[in-house]
Amino acid sequence: MPRLRSRSIALLLVVLSACASPPATEPGVIEAPRLHAQWWRGEFYGYDEAAYRLRHTAAGDELVVDLRYGAASADFRAIDWPGLGIQPLRVLEHSAERCQVFGSLQSRCIYHDVLDLDPPPGALERARAEGVELALLGKAGGRRGLALPGEYIGEFLRARTALAR
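Please read these numbers as outputs of a predicted model, since none were measured by experiment.

### Describing the overall build of the chain
At step 1: Each helix and strand in the chain was counted, giving three helices and ten strands.
At step 2: The buried share of the chain, taken over its 165 residues, is 47%.
At step 3: If you take every contact in the chain between residues at least 6 apart in sequence, the share linking residues at least 24 apart comes to 59%.
At step 4: In the structure as shown, the chain presents an accessible area of about 9,000 Å², 53% of it carried by carbon and sulfur atoms.

### A few points about the nonpolar core
At step 1: The biggest cluster of nonpolar side chains holds 35 residues, and the ones touching the most others in it are Tyr52, Leu54, Leu63, Leu67, Leu146 and Leu148.
At step 2: Considering every element that reaches this core, the biggest residue donor is helix α3 (residues 150-164), with five residues.
At step 3: Ignoring anything within four residues of it in the chain, the contact list for Leu63 reads Tyr52, Arg53, Leu54, Ile79, Leu115, Asp116, Leu117, Pro119, Leu134 and Leu148.

### Considerations on the sheet that holds strand β9 (residues 132-138)
At step 1: Reading across from one edge, β6-β5-β9-β10 is the order of the four strands in this open sheet, with antiparallel pairing throughout. Of all the strands in the sheet, just β6 (85-88) and β10 (143-148) have a single pairing partner and so form its edges. Each strand axis lies, on average, 30° off the axis of its neighbour in the sheet, ignoring direction.
At step 2: Bridging between strand β5 (residues 76-81) and β6 involves four bridges; their strand directions are antiparallel. Directly across from Ile79, in β6, lies its bridge partner Gln87.

### Some details on the environment of Glu93
At step 1: Checked against the element boundaries, Glu93 lands in strand β7 (residues 90-102).
At step 2: Separated by 22 residues in sequence, Glu93 and Leu115 have C-alpha atoms that sit 7.0 Å apart.
At step 3: Residues in contact with Glu93, not counting those within four places in the same chain, are His112, Asp113 and Val114.
At step 4: Within the local environment of Glu93, its side chain forms a polar contact with the side chain of His112, the two groups lying 3.1 Å apart.

### Remarks on the environment of Leu136
At step 1: Along the polypeptide, Leu136 turns up in strand β9.
At step 2: Classification of Leu136 as buried rests on a relative accessible area of 0%.
At step 3: For the pair formed by Leu136 and Leu89, sequence separation is 47 residues and the distance between their alpha carbons is 9.2 Å.

### With respect to the confidence of the model for the chain
At step 1: For the chain, per-residue confidence averages 81 on the pLDDT scale, and residues scoring 70 or more make up 78% of the total.
At step 2: Within the chain, helix α2 (residues 123-127) carries the highest mean pLDDT (94), whereas helix α1 (residues 6-18) carries the lowest (42).
At step 3: Overall, residues 4-25 carries pLDDT values under 50, and its contacts beyond four positions in sequence, including any with other chains, amount to 24 contacts.

About the criteria used
- Per chain, residue numbering runs from 1 following the sequence as it is written.
- Under the rules for a predicted model, residues below a pLDDT of 70 receive no local features and side-chain atom pairs below 80 are neither given nor counted, while totals for whole chains, interfaces and linings still include all residues.
- Note: side-chain values were computed over all heavy atoms of the structure, leaving out hydrogens and water.
- Here a strand is any run of E in DSSP of at least two residues, a helix any run of H or I of at least four, and the numbering for each starts at the N terminus.
- Burial here depends on accessible area, computed with a 1.4 Å probe over protein chains only, as a share of the maximum for the residue type. Under 20% is buried, over 50% is exposed, and the range in between is partly exposed.
- Here, two residues are considered to be in contact whenever any of their heavy atoms come within 4.5 Å of each other.
- Computed by Shrake-Rupley with a 1.4 Å probe, the accessible areas treat only the displayed protein chains as cover when residues are assessed.
- Note on terminology: a nonpolar core comprises buried Ala, Val, Leu, Ile, Met, Phe, Trp, Tyr and Cys residues joined through side-chain atoms within 4.5 Å.
- A pair of strands is labelled paired if DSSP reports no fewer than 2 bridges between them.
- Between the N-to-C directions of two axes lies an angle of 0 to 180 degrees, each axis being a line fitted to C-alpha atoms and, for a helix, fitted only over the stretch in contact.
- Between N or O atoms, a polar contact is any pair within 3.5 Å; within protein, one atom must be a potential hydrogen donor and the other a potential acceptor, and residues adjacent in sequence are included only when both atoms are from side chains.
- Confidence scores per residue from the predictor, reported as pLDDT, run from 0 to 100.

Listed below in structure tokens is the structure:
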């Protein structure tokens, strides 16, 4: 799993500080900048990609994952949160973007999913110092890693606290 370098973290903190106030279109909402992850996929010869972020609304905190992947149907529907076990993801959107016959005449598709999860109570606060490495889990056995760096979580929590004042 790729790790953020210190220069990347410093840039991330500058961006997060600039985003500490809620967008004008959604009062009371804080969205942290998107983090990205990629994994090589043999089918369609490309990359599976995830853009994910922490978000705070009046309903609470959530982790939103925008995922594009190619497979027979990995069907990512849970996340493994270290120390807290497997958490189910809510499916906000699921669609097939492109399907074709591939290789040995098997039909495969590129899927687009938007998923979200309410982090378990206290999970973000506990991960603030060290960060947390999560794993998306698919029904077909797929596993994809996502990292939430401690600095990212800390700045998100700081912005959330500032909003509450």
